[in-house]
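In case you want the letters, here they are:
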Amino acid sequence: AWPAQFAIGAGLEGATAFQNLAVSGSTPGTWDTGGALSPTLAGSVADQPDLTVMTLGANPLLDSFLFGGGLRCELTLDEARFRACVEGFIEQYRLVPRLESVIGQLLEAPTNHVVVSQYHQAIPASSVFSVPSLRIMGDLLNGAVARAVRARPEFGTRVFLMSPPLFPVGVPPGDAICTRTSLGTPVDGASRQSDVTQDELSVFDASSFCGSEEFWIISADTGIHPSRAGHAQFAAALARVVGEHGLLPGP
């Protein structure tokens with residue numbers, strides 16, 4: 001994972017220098033006060049860390065939009081109502097206040113600095129949502145993460161927002177010309193989506209899709225989570241944030 005890739009690259013090896021406490025599928029509510037992982041968070045704070053990095057907030061939204069009530073948002077008739085529907089779920093799960101609360105608890109460790117990453121653009125092959133809709137959902141999710149981070153008074157001094165690079169879909173709109181297609185339609189870049197997603201896009205958007213043999217997302221979950229190469233993109237983004245703000249912990 002990207003925190004481990006960064007830590008190893010920075011020479012932070014060994015259990016006393018680096019620990020990965022991430023739990024797949026966990027939510028801000030899981031880590032917040034009263035949640036099942038609240039004791040784990042408290043234990044992390046008690047260890048007096050110098051730097052904590054994380055992604056948090058996509059769940060439980062992901063479950064809702066793949067399998068649950070969020071599916072109804074795709075039935076809305078225009079972009080404004082679609083955005084309002086997605087925002088409703090973000091508010092329902094109290095993503096912003098809960099994430100802000102988790103950050104605040106991490107800052108109780110007096111030397112700790114917190115870097116919160118936004119999410120990459122993923123196009124799951126199994127999703128009923130269109131690529132434009134998934135892009136909007138990603139923008140709204142990342143906007144909510146940014147609001148939580150920037151709401152902290154320590155933003156810019158002890159709390160930092162990180163953005164991974166674009167994970168191109170390989171379809172319009174964009175300003176990259178794909179040499180793989182004869183039409184020369186500008187796209188957002190050669191796709192870095194999963195193998196299974198690229199296969200699907202090559203069928204349903206064959207005239208403009210720009211594929212590649214680089215997969216920054218794994219196919220095992222139909223195209224959601226980053227591959228090792230995708231995690232490397234996050235690790236590089238973290239290295240930039242750490243370098244710009246002098247956040248690398250000492251030996």
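Residues numbered from 1 in each chain as written. Predicted model: local features only at pLDDT ≥ 70, side-chain atom pairs only at ≥ 80, totals over all residues. Heavy atoms only, no water.

### Notes on the sheet that holds strand β1 (residues 51-54)
Move 1: Read from one edge of the open sheet, 3 strands run β1-β2-β3, paired in parallel fashion. Here the strands that pair on one side only, and so sit at the sheet edges, are β1 and β3 (159-162). Ignoring strand direction, the axes of neighbouring strands in this sheet form an average angle of 15°.
Move 2: Pairing of strand β2 (residues 113-117) with β3 involves 4 bridges; the strand directions are parallel. Bridging across to β3, V115 finds its partner in F160.
Move 3: Running at roughly 160° to β1, helix α6 (residues 95-106) makes contact with β1, β2 and β3 of the sheet.
Move 4: The strands touched by helix α9 (residues 228-245) are β1, β2 and β3; relative to β3, the strand with the most contacts, the crossing angle is about 145°. (Pairing = 2+ DSSP bridges. Helix = DSSP H or I, 4+ residues; strand = E, 2+ residues; numbered from the N terminus. Axes fitted to C-alpha atoms, helices over the stretch in contact; angles between N-to-C directions. Contact = heavy atoms within 4.5 Å.)

### Concerning the packing of helix α1 (residues 2-9) against α9
Move 1: One can describe the packing of α1 onto α9 by two numbers: an axis separation of 8 Å at closest approach and a directional angle of 55°. Relative to α9, α1 is oriented oblique. Regarding α1 and α9, the two cross each other, and that crossing is right-handed. Facing W2, Q5 and F6 of α1, the residues of α9 in contact are R228, H231, A232, F234, A235, L238, A239 and V242.
Move 2: Of the residues contributing to the contact of α1 with α9, the split by class is 8 nonpolar, 2 polar and 1 charged. (Parallel < 35°, antiparallel > 145°, perpendicular 65-115°, else oblique. Left-handed = near helix turned anticlockwise from the far one by under 90°. Nonpolar A, V, L, I, M, F, W, Y, C, P; charged D, E, K, R; others polar.)

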